[in-house]
Amino acid sequence: MSATPFASRAQHAVPGIAAATFDLSKVYGSGDTRVVALDHVSIDFREGEFTAIMGPSGCGKSTLMHCAAGLDSPSSGSVRVGTTELSTLSDRQLTALRRDRIGFIFQAFNLLPTLTALENITLPLALAGRHPDQQWLDRVVAMVGLSQRLGHRPAQLSGGQQQRVAVARALASRPAIIFGDEPTGNLDSRAGADVLGFLRDSVRELGQTVVMVTHDPVAAGYADRVVFLSDGRPVDEITHPTPGRVLDLMKSLGALSYTS
Amino acid sequence: MLKTALRNLLAHKARQLMTLLAVCLGAAFVSGTLVFADSTAAASRDAMSKNYADIAVTVTAKEPPPGATPHQQTSALDDALARKLAAVSGVAAVRPSADGVVTMNAADNTPLRVKQGANLADAYLPGTDGKDSRYPLAEGRAPRNSGELAVDGTTAAAGGFRLGDKVTLAIDGPVMTKRLVGIVTTKDTRVTAAGTLALFDKATAQKLFASPGHYSSIDLSAAPGTAPSELAQRVTDVLPTDRAEATTGAALADQQAILVNTQTRGYTKLPLVFAGISLFIGSFLIINTFTMLVTRRTREIALLRAIGATRRQVSRSVLLEALLVGLVASGAGFLLGLGIASVLPDILSTDGNTLPQGPLVIGPRSVAAALGVGVGVTVLAAWLPSRKAAKVAPIEAMRTTEQPPSAKRSRIRGVAGLALLVLGAGVLVSLSGAKDASETNLQNAMVGCAVLVAALIVLAPILASPVIRLTGRLTGRFGITGHLAQQNALRDPRRTAATAATLMISTGLIAGLAVIGNSTAQALDSQAAAGLGADYVISTGTPTTAIESAAVHRVGETSGVRTATAVSDTTATIGGSVQSISGVDPDTVNDTMKLDFVSGSAKDLGPGRIAVSRTLAQKNGVTTGSELNVGNVGTDPKQQFTKYTVVGVYQDNPIAKDALGVRSDVAKNAFKPGSVQRILVRTDGGAVPTTVEKQLRTAVSNSPLITVQDREQLVTQAAGTLGDLLNVMYGMLAVGVAISALGIVNTLAMSVAERTREIGALRALGMDRSGIRRMVRLEAVTVAAFGTLLGLAGGLFGAWAVGSLANAAMPQYSLALPWGTLLLVCLLSLAIGVPAAAVPARRAAALSPLEAVAEG
């Protein structure tokens, strides 16, 4: 709910919080080339909530996501996924955490070209050596509308279809939280709308937690909550956004230099 | 464009490392071999001219003309002639010699360093100062009577002789014992290169090697200012030209050097084959590397094209890069080759065979060959990739995403490959009906094998998919990592095939050689022992040497001996060609030889009656009851033919040889009439073998000329040379496998570099570092397995097809698969994937999951 630090909450796992950062900083380089990407950020992502992170290029929104998802290590501060403190984990444990408890949707889809759609969807499960819950899998596949295309290779699918495979892949292992990095960045508006619809449905119908980085006000309009970042720190947030309200806020923050 | 090529080369140092290594190895073997050949030739020329350094002219006896009277046969080389020669103007010194060949026993009664042309003997001829300047005494004194001898230092050391020892020796028959009274030194390279030298007093030497009062040769040195050819002419004028002739020392040295060089040339063949294999395999590596570099550089090339570079400039820049790689590699290879050349003599020299050693001789031919081969192969191999680079369209510069390599299967490739396969297999199968291992058939077999290899190389990309799917069932056991590894190997079948092709060739050759070698060894085994009923074979090894009749008698009397069949060996002309004929005792022959008569029997042998082998019978169209003309091959210049009745035909038998007769009959025409060359000994069952062998050796007076071998030793002797040859071949092919490993390293490093994003995604999605490593390793093993399987199939087929040729040459030959060796070959070829994957796997595992989201 809040982007302001709540020490008591960040130090102890709180029921209902899927992931949280506390006093998170990320600094690149040193001396003259020192760049502060994240500046003491504390933020909670609640279970069953669809959060969009927005901000101009270089505001740190991607870095925040990478750190929260265990892809990148912070310079200081802590990240928690559920009850697990990420800084205490070895690379192997961190890998297992990403595999079992986090789902990813990338801007460039990042499907394995040699695997079929179905094999891509079940890849995290296969990596864990687990058998997919067939019922759940059927439901996910049906939701993203891929039942007829499971045997196809990524090269035989359109961009929108590929991203739907990626959404299904993220959902298949029932992760605690799904991170999306500009999931509609490489899609046309219709395909993008489809993907965003699936993400919203997964939150509404399946109780999934989703965090998405985007610079598109329309995409942010699908979220339950929009957090605005500027110069490495959260500056504002709104709940139940509409594209119009998002755009207005962006204008009022004077941050209209969105480029990609 | 030179600058671009140079920059590219430097930018991809690591990529080119493997190419460099492969070309470097190939060039090293080529230049090493050539330098070795040059150096050895120079060293042997040097050594020979040293041996003949002081000899301007040699006078030797002429072969007496046919039908010469006994008077004319007497040598003209006596002291009178020596004095006459000393008076010829321009002669500085006269050195007569009475030399020949003597075989000695070492102190432990085993033959000492027996080698053709290296067991020299001479007379010690004191000069005016009482010393023989050719053989300076190091210890003791010169031999003075027929009971004494002197040897050189190396002979004494090798034989374990000390002054005062009794030395057992033989020339061509009876065994003699003489007391060692002196040790001399000699510079004769035939002796110093693991030979022997024995010296006798003048009278003894003349009796042994010439005739009393005569010499075998008289060496003359020239006074300063007299040319040897001029001297030879003057000497010829005073010689009785019907009985003696003069030759210059230089001519003799040349003759000797030619002999040694022929031997050396034989040695250079193997390393050159070695070079050929490493360059052939290396060329695949080069093609692969440059193709991948061009693929990776597509955008850059397109950009060059877009800003105005012509196709020709683009392809030239690739070729230029190849030229630079080739130059660097050849240069390094040449230096490495010098190293190889300096160690080759030691590797090729065995105890009984030392190669002359000298300084390395670096001829322009070696340098040119190393550079030419290295640069040529590299540029030639880079030609296809350079064409590919030229085809890059400028528009490719605008494409952002990486292009997935096309996995299109060319129909042309399939058709061409199948055509080659059918052709190669057809040639080989057609040979399976061949009746002999003639030159033409062998050449056809080689052509067939070469076509087969080409077919496999062409078809490999098509075969990759089904074969790897098959191996995928095994890698699939490793779960998703195995599945991904299989899929990755299949992603670019052409690249996989080209990588595996190198391994395929090596494995195929090794497997084929192993099968043929094993089959041949088994055939030799059974052949060597097949015809033998005896437990021991006592043999002189040559028809020109005899076993004394007393020794034959003693062998028969030895306790534990049941039967001893004396055999006379000689040669005879039958049906226009020279055949080996054995004279035996018809009563005992069945106890010591296992004869398998097709018709007739050994019982009917007698004067004027012979039995022949099946091959000889077929060749001459004779059967039992036929008559056969047998011509004697002896010292008698006029050949006489005698009619023999064929009383039996037996299956080919290496102990009985081509024909059997009664001994009295055969021995008449022997080189030494009436002599015995072999004794086949059958013992009473249960005799202790070692003591019998010792007793038999004693029975033949421990003669250094005679070998006593049991069955096992006979078999080992027959298989020995083959085993050595195969081991050398295996060694060379192992290098081929190692180069293939370099290819796998290269390919994997490239694919890891191409797939950073994908590997990043896998890391993000939850594959840990060990999983990534395992995936890369399994991909390497998959590629290796593909190459191994293909090679194995090709090698086995080739061995099977060529086998029939071997069968024609050796009746006992049958395909015998060396399971152990084949299994080892497979495991090694597969295992090569693991170390090859080490570096690329580590690099892949080090990739961060953030690579997945990095801007591409």
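Calculation criteria
- Residues numbered from 1 in each chain as written.
- Chains lettered and ligands numbered in written order.
- Predicted model: local features only at pLDDT ≥ 70, side-chain atom pairs only at ≥ 80, totals over all residues.
- Heavy atoms only, no water.
- Helix = DSSP H or I, 4+ residues; strand = E, 2+ residues; numbered from the N terminus.
- Buried < 20%, exposed > 50% of the residue type's maximum accessible area, 1.4 Å probe, protein only.
- Areas by Shrake-Rupley, 256 points an atom, 1.4 Å probe, with all protein chains shown as cover.
- Contact = heavy atoms within 4.5 Å.
- Core = buried A, V, L, I, M, F, W, Y, C linked by side-chain atoms within 4.5 Å.
- Pairing = 2+ DSSP bridges.
- Axes fitted to C-alpha atoms, helices over the stretch in contact; angles between N-to-C directions.
- Parallel < 35°, antiparallel > 145°, perpendicular 65-115°, else oblique.
- Left-handed = near helix turned anticlockwise from the far one by under 90°.
- pLDDT = per-residue confidence, 0-100.

## Quick look at the overall build of chain A
Across its full length, chain A holds 10 helices and 10 strands. A buried classification covers 55% of the 260 residues belonging to chain A. Element-wise, carbon and sulfur atoms account for 49% of the exposed surface of chain A, whose accessible area totals about 10,900 Å².

## Here we look at the overall build of chain B
When helices and strands are counted, chain B shows 27 helices and 22 strands. Burial analysis of chain B (856 residues in total) assigns 50% to the buried set. Taking all contacts inside chain B whose residues are at least 6 apart in sequence as the whole, residues at least 24 apart take part in 82%. Within the structure as shown, chain B displays about 38,100 Å² of accessible surface, and the carbon and sulfur contribution to it stands at 60%.

## Digging into the nonpolar core
Grouped together as the largest cluster of nonpolar side chains are 74 residues, with contacts concentrated most on Leu64, Phe104, Leu123, Ile177 and Phe179 of chain A together with Leu484 and Leu762 of chain B. Setting aside its immediate chain neighbours within four residues, Phe179 of chain A contacts Met65, Ala68, Ala69, Ile102, Gly103, Phe104, Ile105 and Val211 of chain A. Ile178, Leu196, Ala219 and Met250 of chain A belong to the second largest nonpolar core, which has 45 residues in total.

## Description of the environment of Gly541 of chain B
Along the polypeptide, Gly541 of chain B turns up in the loop between β13 (536–539) and α18 (549–557). In sequence terms Gly541 of chain B and Arg678 of chain B are 137 residues apart; their C-alpha atoms lie 8.1 Å from each other.

## Digging into the sheet that holds strand β4 (residues 76–81) of chain A
Residue and element names in this part refer to chain A. What the 4 strands build is an open sheet, ordered β2-β1-β4-β5; its pairing is antiparallel. A strand with exactly one partner marks an edge of an open sheet, and here the two such strands are β2 (35–46) and β5 (84–85). Direction of pairing for β4 relative to β5: antiparallel, over a ladder of 2 bridges. Directly across from Arg80, in β5, lies its bridge partner Glu85.

## As for helix α24 (residues 756–765) of chain B
All names here are of chain B. Counted residue by residue, α24 has 8 buried out of 10 residues, so it is predominantly covered. All of the buried residues in α24 are Glu758, Ile759, Gly760, Ala761, Leu762, Arg763, Ala764 and Leu765. Among the residues trailing α24, Gly766 stands out with phi positive, at a value near 115 degrees.

## Examining the pairing of strand β7 (residues 148–152) of chain B
All names here are of chain B. Within β7, 5 of the 5 residues are buried, which leaves the element mostly enclosed by the surrounding structure. Residues Glu148, Ala150 and Asp152 of β7 are buried on one face, and the alternating residues Leu149 and Val151, pointing to the opposite face, are buried as well. Taken together, the 5 bridges between β7 and strand β9 (residues 175–184) define a ladder with parallel strand orientation. Each residue of the ladder has a partner; that of Ala150, found in β9, is Gly182. Looking at chain direction, β7 and strand β10 (residues 196–200) are connected through 2 bridges and run antiparallel. Across the sheet, residue Ala150 finds its bridge partner in β10, namely Leu199.

## Thoughts on the packing of helix α7 (residues 159–172) of chain A against helix α8 (residues 189–206) of chain A
Residues and elements named next belong to chain A. As a packed pair, α7 and α8 sit with axes 9 Å apart at the nearest point and diverge in direction by 15 degrees. If you check the angle between α7 and α8, you find them roughly parallel. Regarding α7 and α8, the two cross each other, and that crossing is right-handed. Residue-level inspection shows Gly160, Gln163, Arg164, Val167 and Leu171 of α7 in contact with α8, the latter providing Ala191, Val195, Phe198, Leu199 and Ser202.

## Considering the packing of helix α6 (residues 134–144) of chain A against α7 of chain A
Residues and elements named next belong to chain A. Where α6 meets α7, the axes come as close as 10 Å, and the angle between the chain directions of the two elements is 155 degrees. If you check the angle between α6 and α7, you find them roughly antiparallel. For the element pair α6 and α7, the recorded crossing hand is right-handed. In this structure, α6 uses Trp136, Leu137, Val140, Met143 and Val144 to contact α7, whose residues at the interface are Arg164, Val167, Ala168, Leu171 and Ala172.

## Some words on the confidence of the model for chain B
All names here are of chain B. Here chain B averages 80 in pLDDT, and 87% of its residues register 70 or above. Taken element by element, chain B is modelled with least confidence in helix α3 (residues 70–73), mean pLDDT 47, and with most confidence in β7, mean pLDDT 92. When the criterion is pLDDT under 50, residues 68–72 qualifies, and its contacts beyond four places in sequence or with other chains add up to 2 contacts. Here residues 400–407 is modelled with pLDDT under 50, and outside its nearest four sequence neighbours on either side it reaches 7 contacts, counting other chains as well.

## Description of the side chain of Ser386 of chain B
Residue and element names in this part refer to chain B. Looking at the secondary structure, you find Ser386 in helix α13 (residues 383–390). With relative accessibility at 2%, the residue Ser386 sits in the buried group. Every residue in contact with Ser386, bar those within four places of it in the chain, is listed here: Ser315, Val318 and Leu319.

## Focus: the sheet that holds strand β11 (residues 217–222) of chain B
Residue and element names in this part refer to chain B. With respect to topology, 4 strands assemble into an open sheet ordered β2-β11-β1-β12, the strand pairing being antiparallel. Here the strands that pair on one side only, and so sit at the sheet edges, are β2 (91–97) and β12 (244–248). This sheet shows a mean twist of 20 degrees between the axes of neighbouring strands, independent of strand direction. Examined bridge by bridge, strand β1 (residues 57–61) and β11 share 4 bridges and lie antiparallel to one another. Paired with Val57 across the bridge in β11 is Leu220. Strand contacts of helix α4 (residues 79–86): β1, β2 and β11, with the helix running at about 165 degrees to β2, the strand carrying the most contacts.

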